[in-house]
Amino acid sequence: MKFVDLDAQFALIGEDIRYAIDRVLAHKQFILGPEVATLEEQLQDYCGVRHVISAASGTDALLMALMAYEVGPGDAVIAPSFTFVATAEVIQLLGATPVFVDVDATTFNIDPEALAATIDRVHARNDVQLRGIIPVDLFGTPANHARIRELADHHDLFIIADAGQSFGATYREQRVGNFGDMTATSFFPAKPLGCYGDGGAVFTDDPALAEIIESIRFHGKGTSQYDNVRIGVTGRLDTLQAAILSCKMKIFDQELARRQEIADYYTDALQAVVQPPAPPSDCRSSWSVYTIRSPQRDAIRASLQQHKLPSAIYYASPLHRQPAFNHAIGGGCAMAVTDLLATEVLSLPIHPYLTNAELDQIIAVIVKACKRA
Ligand SMILES: *Cc1c(COP(=O)(O)O)cnc(C)c1O
């Protein structure tokens, strides 16, 4: 059993993907070929967002969004302490200061009360100017976007939603992609919608921001790439990856539904022995990973390993504890919930091609490990 199994999906749509790749090999427009525009339209329709700009990776999508706001030295941007490194990395890469905020113990997403308090604390400093917030929909479950929006509007901050794990999720009946001034997602192979390499996208309803992102994505181009109106990057999604993603979009809803089924199956079987994930009732998670909490985490993981069953720890060493973020605001400080989660979380396989028999195997080992502990 694998944590993420891409073989089963390939067996289902491999022929379609080979055909799509062959078409790109025939026309050879490897950079911004027609498949890129097709995918962007597909994503716009799927999410109900006006502009989608595909990107070379989820990290580039975040980076370009920050660049569009001209974030730089002297600026501070808020991120949760419990997330993948990319969320805060891009802030510091641009010379700005990440500000870490602790997360909620149930959703694992940025805690709105801690966020409000941190905004006030950073506003009181005169060494940095607070510019924006990067909330993360961790493990596929949307953050409390309504409350984050209120706080951002009240304090005149931008929101760049990090949907690196939550493409396909919904919040109050709307798809992720609609909740920040911009949203960045990732198509890394292990994400809910993954390509065969690196990929990502920026979503926005704002035509002015969309135009700036398109320019940044191609060396800050104006009317052409030889007319450089700003500093940009090589941030484009390959045509081949776009072609592959378009094939995968056809089965994506079906895959999301199976992920939901698996999550329900796990929760039903495990809730008596561990704390299962519990997305708020106004959210539908994309179930990028299924993450339980238990004080016996290490014993459970050891048992799974003994039975050669896959599991993963996201994240054993949270960002505010990483040496790279020593100079961030909140770096090296206690973050009570994040610090506890780091010792208690365990992610179980949830790719859509797991069988119920495989789930039963995992569940049996966990139940037994908990009873023993
Ligand atoms: C995966 C991920 C990213 C970055 O995506 P890449 O495509 O790997 O660059 C950003 N944020 C979060 C929360 C992620 O999980």
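What comes next concerns the included structure. (Residues numbered from 1 in each chain as written. Predicted model: local features only at pLDDT ≥ 70, side-chain atom pairs only at ≥ 80, totals over all residues. Heavy atoms only, no water.)

1. Observations concerning the pattern of salt bridges
As enumerated under the stated definition, the model contains 15 salt bridges in all. In this structure, the salt-bridge partner of Arg149 is Asp153, at a minimum N-O distance of 3.1 Å. Of this pair, Arg149 and Asp153 both sit in helix α6 (residues 145-155), four residues apart, which is roughly one turn of the helix. Arg149 sits in the partly exposed class, given a relative accessible area of 24%. Beyond isolated ion pairs, a larger network of salt bridges with shared partners links Glu113, Arg147 and Glu150. (Salt bridge = Lys/Arg side-chain N within 4 Å of Asp/Glu carboxyl O. Helix = DSSP H or I, 4+ residues; strand = E, 2+ residues; numbered from the N terminus. Buried < 20%, exposed > 50% of the residue type's maximum accessible area, 1.4 Å probe, protein only.)

2. What to know about helix α9 (residues 252-270)
In this model α9 runs 27 Å from its N-terminal to its C-terminal C-alpha over 19 residues, within 8% of the 27 Å that 1.5 Å per residue would give. Among the residues making up α9, those that are buried are Phe252, Glu255, Leu256, Arg258, Arg259, Gln260, Ile262, Ala263, Tyr266, Thr267 and Leu270. (Expected span 1.5 Å × (residues − 1).)

3. Examining the sheet that holds strand β6 (residues 170-171)
Taking strand neighbours across the sheet as the criterion, the three strands line up as β7-β6-β10 in an open arrangement whose pairing is antiparallel. Of all the strands in the sheet, the pair left with one neighbour each is β7 (174-175) and β10 (283-284). Where β6 meets β10, two bridges bridge the pair, whose relative direction is antiparallel. Bridging from a neighbouring strand, Thr170 pairs with Arg284 of β10. (Pairing = 2+ DSSP bridges.)

4. Concerning the pairing of strand β11 (residues 290-293)
Here β11 shows a buried face lined by Tyr290 and Ile292 and a second buried face lined by Thr291 and Arg293. Pairing geometry for β11 and strand β12 (residues 345-348), over four bridges, is antiparallel. Within β12, the position partnered with Thr291 by the bridge is Ser347.

5. As for the nonpolar core
Counting 29 residues, the largest nonpolar core has Leu66, Ile160 and Met182 as the members making the most contacts within it. Of all the secondary-structure elements, those providing two or more residues to this core are β1 (51-55), α3 (58-68), β2 (75-80), α4 (86-93), β5 (158-163), β8 (182-186) and α7 (207-217). Among the elements that take part in this core, α3 stands out by supplying eight residues, more than any other. Once residues lying within four places of it in the same chain are set aside, the contact partners of Met182 are Ala65, Ala68, Tyr69, Ile159, Ile160, Ala161, Val202, Phe203, Thr204, Leu209 and Ile213. Ala263, Ile292, Ile363 and Val365 belong to the second largest nonpolar core, which has 23 residues in total. (Core = buried A, V, L, I, M, F, W, Y, C linked by side-chain atoms within 4.5 Å. Contact = heavy atoms within 4.5 Å.)

6. Some details on the packing of α9 against helix α12 (residues 356-372)
For the pair α9 and α12, interaxial distance at closest approach is 10 Å and the crossing angle is 30°. Considered as vectors, α9 and α12 are oriented roughly parallel to each other. As α9 runs across α12, the sense of the crossing is right-handed. Two secondary-structure elements touch here, α9 through Arg258, Ile262, Tyr265, Tyr266, Ala269 and Leu270 and α12 through Asn356, Leu359, Asp360, Ile362, Ile363, Ile366 and Val367. Tallied by class, the residues present in the contact of α9 with α12 amount to ten nonpolar, one polar and two charged. (Axes fitted to C-alpha atoms, helices over the stretch in contact; angles between N-to-C directions. Parallel < 35°, antiparallel > 145°, perpendicular 65-115°, else oblique. Left-handed = near helix turned anticlockwise from the far one by under 90°. Nonpolar A, V, L, I, M, F, W, Y, C, P; charged D, E, K, R; others polar.)

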